[in-house]
Amino acid sequence: MNFLEVIWMRLEDWANRQVLEEIHANGRAGVTGAELLAWIQAARVFLRQRGLQPGDRCGLLAANSIRWVAMDLAIMAEGAVVVPLYARQAPAELGVMLQDSAPRLVVCGDGALRATVAPHSGGAPTALFEEAFGGIGAIAEKPRALHPEQPVTIIYTSGTSGTPKGVPLTVANVGHMLPCTSARLDRLMGQRNEPERVFHYLPCCFAASWIVLLTCLGRDAVLSFSTDLQRVAEELAAVAPNYFLNVPVMLERMRARIRTQIAGRRGLAAAIFEAGEGAWYRKQARKPKTLDGFRLRLARATVFAAIRKRLGPQLEALICGSAPLAVETQLFFFMLGIRVLQGYGLTETTGICTLDDPEDVVAGRVGPAIPGIEMKLGPHGEILVRGPNVFPGYWRRPEETALVLRDGWLHTGDQGEANERGIWRITGRVKNLIILSSGHNVPPEPLEEMLVRSIPGAEQAMVVGNDRSFLVAVITGAVKEEDVRSAFEDINARLPHFERLRAFHLHPEPFTIESGLLTANGKLRREAVQAALRREIEQLYASPQPQAARD
């Protein structure tokens, strides 16, 4: 039984129970298993009418919604290949993906998205959700028979330094992954007598987010879609989830917001929080002070408990991936009594390679390899992966496939290390490694994380210095020069001489996806940033003793 057949069986079992819902400002809209199957049937009838055949590609451009899920499942059930597209992606970039994948049809969530993408679609016909779901059908027929090696989706990589590449994922890739993710959730949730509540705000067009969606459809769970990122706090309160998937920036913002709110209250609560937080971090550093045990117990019984309740009275864990999470942030939520579980993976590994064991979490690490997956280190500390989760090769790019799939191993481009128990830590990207003119190698990511964490108001930081004699940094956001200087002094005091930062440029406007300086999943496009700020960066190196520059 393949993963689609498992999902169908689960939806049939839950014919009269809710499986998905959308959270709106004016209420919540959900569907039962039978209703979702009816939506899928309507989409399948429409796709056949539009001539979609098994093996054809079909673009899917829409925000998260119940109809997105129904269309995704309908395309796969017809034996076609879903090409999910990010609604916030630049139109020209969407055009590159569409021309590369050559879909028979592009289904758009609304007219605005269709108008945006139509000039870049390479001639592919477009359709709207309202056309596809115009008539709800009977209970959906079973999915077409699928071969294990048959692709079900082509997800495009974020393209940090070049044109995005299509990553086909097969029935076998997804079929291996879903039982692994579900098993980790079983360890997290244990035995339950009621459905799990899952909140979901990350776009389903990203691999790990899509895997979470499919995992929930195969479990005793109700997944609630966020429809407005400006209302996430209110939506979380309405859903009261057991767990949900996050990116580090969201957890960093949650931590900062909590600390700001506590500081604003002042008085006894703020004093108890500050004393408890200090005691907690000293405990982690194994440098306790007298009465720290009392301070921590008092904070846990009062302020920490109140914060945890406000975040979610049923919250078992925050699950985090896509980029490194600051250890201090992970420990902060541990302090509040909330587990933060990390995972690591690439689109090319069906979204996931490692997952934290909920009963054995090591702060700053991303867990052991999932069952059936082998991981080892290659030259320059590069992580190599082998297993049934590894994709078959890039869509229509044999030369680039040959660069990453060698001798049966996927060369991830990520650097890492595993401890004696096989629990991994990610340290950087091989291609991001800065090689100074002195010959010293410097991974920029740890420095960038320290800068963002240490400078109030900092949105992003990017360290520059390849083939130079020293390092400089570009910092975005509403920051004060004196705060940056203070952070530099503190950070540099802990670093070897060749890693010290000598100058900085302040760029008030954060890098965005729309400006082309971030990828669709929020990673820095380093080459694009350096090209856009070439003059400003050169000025930092022009002075014998460079200090600071500001836009």
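Everything below is about the structure shown above.
Because the structure is predicted, anything quoted here is derived from the model rather than measured.

A.B. asks: Please provide a residue-by-residue account of the pattern of salt bridges, values included.
C.D. replies: By the definition in use, this model includes 37 salt bridges. The closest approach of N and O atoms between Glu-194 and Arg-192, which form a salt bridge, is 3.6 Å. Using a relative accessible area of 26% as the deciding quantity, one classes Arg-192 as partly exposed. As a salt-bridge pair, Glu-459 and Arg-253 come within 3.8 Å of each other at their nearest N and O atoms. In this pair, Glu-459 sits in strand β22 (residues 458-464) while Arg-253 sits in helix α10 (residues 248-265), placing the two residues 206 residues apart along the sequence.

A.B. asks: Before we move on, could you go through the pairing of strand β7 (residues 151-156) and cite the residues and values that matter?
C.D. replies: The element β7 is extensively covered by neighbouring structure, given that 5 of its 6 residues are classed as buried. As defined by bridge partners, β7 adjoins strand β8 (residues 166-170) across 5 bridges and the pair is classed as antiparallel. Bridging across to β8, Tyr-156 finds its partner in Gly-166.

A.B. asks: Give a detailed account of the environment of Thr-227, specifying residues and quantitative values.
C.D. replies: Along the polypeptide, Thr-227 turns up in the loop between β10 (221-226) and α9 (232-239). Once residues lying within four places of it in the same chain are set aside, the contact partners of Thr-227 are Glu-22, Ile-23, His-24 and Glu-235. A polar contact is formed between the side chain of Thr-227 and the backbone oxygen of Ile-23, at a distance of 2.4 Å.

A.B. asks: Summarise the packing of aromatic side chains; cite the residues concerned and give the values.
C.D. replies: Considering all chains together, one arrives at 12 aromatic pairs under this definition. A network of ring pairs unites the aromatic residues Phe-273, Phe-304, Phe-332 and Phe-333 as a single cluster. Above the face of the Tyr-541 ring, Arg-468 is positioned so that its terminal group lies 4.2 Å from the ring centre.

A.B. asks: Report on the pairing of strand β3 (residues 57-61), specifying residues and quantitative values.
C.D. replies: Counted residue by residue, β3 has 5 buried out of 5 residues, so it is predominantly covered. Strand direction decides the pairing type here: β3 and strand β4 (residues 81-85), joined by 5 bridges, are parallel. Note on β4: the bridge partner recorded for Leu-61 is Leu-85. Once the chain exits β3 it traverses helix α3 (residues 66-77) before rejoining the sheet at β4, and the crossover so formed is right-handed. One ladder, built from 4 bridges, connects β3 with strand β5 (residues 105-108); its direction is parallel. Residue Cys-58 lies in a different strand from β5, and its bridge partner there is Leu-105.

A.B. asks: Talk me through the nonpolar core; I want residue IDs and the actual numbers.
C.D. replies: If you look at the biggest cluster of nonpolar residues, it comprises 125 residues, and the most contacted ones within it are Leu-20 and Trp-210. With 10 residues, the single largest contributor to this core is α3. Dropping the residues within four chain positions of it, Leu-20 is found in contact with Ala-29, Gly-30, Val-31, Leu-36, Ile-66, Val-69, Leu-213, Leu-217, Leu-223 and Phe-225. Formed by 22 residues, the second largest nonpolar core is a distinct cluster that contains Leu-436, Val-442, Ile-475 and Leu-501.

A.B. asks: A description of the packing of helix α2 (residues 33-49) against α3 should follow, citing residues and the corresponding values.
C.D. replies: When two helices pack together, you describe them by how their axes are tilted relative to each other and by the distance separating the axes. Axis separation between α2 and α3 bottoms out at 8 Å; the angle between their running directions is 55°. On the basis of their axis angle, the class for α2 and α3 is oblique. As for how α2 packs across α3, the hand of that crossing is right-handed. Contact residues: α2 offers Leu-36, Trp-39, Ile-40, Ala-43, Arg-44 and Leu-47, while α3 offers Ile-66, Arg-67, Ala-70, Met-71, Leu-73, Ala-74, Ile-75 and Ala-77.

A.B. asks: Could you give an account of a nonpolar patch on the surface, with specific residues and numbers?
C.D. replies: There is a patch of nonpolar side chains on the surface, built from Met-1, Val-6 and Met-9 and spanning about 300 Å² of accessible area. You can see Met-1 is positioned in the segment before α1 (3-13). With a relative accessible area of 69%, Met-1 lands in the exposed category.

A.B. asks: Tell me about helix α13 (residues 303-311), and please be specific about residues and values.
C.D. replies: If you check which residues of α13 are buried, you get Val-303, Phe-304, Ile-307 and Leu-311. Considered in projection along α13, the buried side chains sweep an arc of 100° and stay on one side of the axis. Buried residues along α13 sit in contact with α10, α11 (267-284), α12 (292-301) and α14 (327-335).

A.B. asks: I'd like to hear about unusual backbone geometry, residue by residue, with values.
C.D. replies: At Thr-350, a residue that is not glycine, the phi angle is positive and equals roughly 55°. Along the chain, Thr-350 turns up in the loop between β13 (339-344) and β14 (354-355). Residue classification places Thr-350 among the buried residues on the basis of a relative accessible area of 0%. Positioned with a positive phi, Asp-467 is a non-glycine residue whose angle comes to about 65°. As for its position among the elements, Asp-467 is in the loop between β22 and β23 (471-477).

A.B. asks: Could you give me a rundown of the side chain of Thr-215, with the residues and numbers involved?
C.D. replies: Counting through the fold element by element, Thr-215 comes out in helix α8 (residues 207-217). Of the residues examined, Thr-215 reaches a relative accessible area of 5% and is grouped as buried. At 2.8 Å, the side chain of Thr-215 forms a polar contact with the side chain of Thr-181. Beyond its immediate sequence surroundings of up to four residues, Thr-215 is in contact with Leu-178, Thr-181, Ser-182 and Leu-185.

A.B. asks: Would you mind going over the environment of Asn-242 in detail, with residue names and values included?
C.D. replies: Tracing the backbone shows Asn-242 in the loop between α9 and β11 (243-246). For Asn-242, a relative accessible area of 2% translates into the label buried. A C-alpha to C-alpha distance of 37 Å links Asn-242 and Pro-508, two positions 266 residues apart in sequence. Apart from the residues within four sequence positions on either side, Asn-242 is in contact with Met-189, Arg-192, Pro-195, Glu-196, Arg-197, Gln-314, Leu-315, Glu-316 and Ala-317.

Conventions and cut-offs
Residues numbered from 1 in each chain as written. Predicted model: local features only at pLDDT ≥ 70, side-chain atom pairs only at ≥ 80, totals over all residues. Heavy atoms only, no water. Salt bridge = Lys/Arg side-chain N within 4 Å of Asp/Glu carboxyl O. Buried < 20%, exposed > 50% of the residue type's maximum accessible area, 1.4 Å probe, protein only. Helix = DSSP H or I, 4+ residues; strand = E, 2+ residues; numbered from the N terminus. Pairing = 2+ DSSP bridges. Contact = heavy atoms within 4.5 Å. Polar contact = N/O pair within 3.5 Å; in protein donor to acceptor, adjacent residues only side chain to side chain. Phe/Tyr/Trp six-rings, centres within 6.5 Å; stacked < 30°, edge-to-face > 60°. Lys NZ or Arg CZ within 6 Å of the ring centre and 35° of its normal. Right-handed = clockwise from strand over helix to strand, strands pointing away. Core = buried A, V, L, I, M, F, W, Y, C linked by side-chain atoms within 4.5 Å. Axes fitted to C-alpha atoms, helices over the stretch in contact; angles between N-to-C directions. Parallel < 35°, antiparallel > 145°, perpendicular 65-115°, else oblique. Left-handed = near helix turned anticlockwise from the far one by under 90°. Patch = residues over 30% accessible without salt bridge, like charges linked within 9 Å, V, L, I, M, F, W, Y side chains within 5 Å. Areas by Shrake-Rupley, 256 points an atom, 1.4 Å probe, with all protein chains shown as cover. Arc of directions from axis to C-beta.

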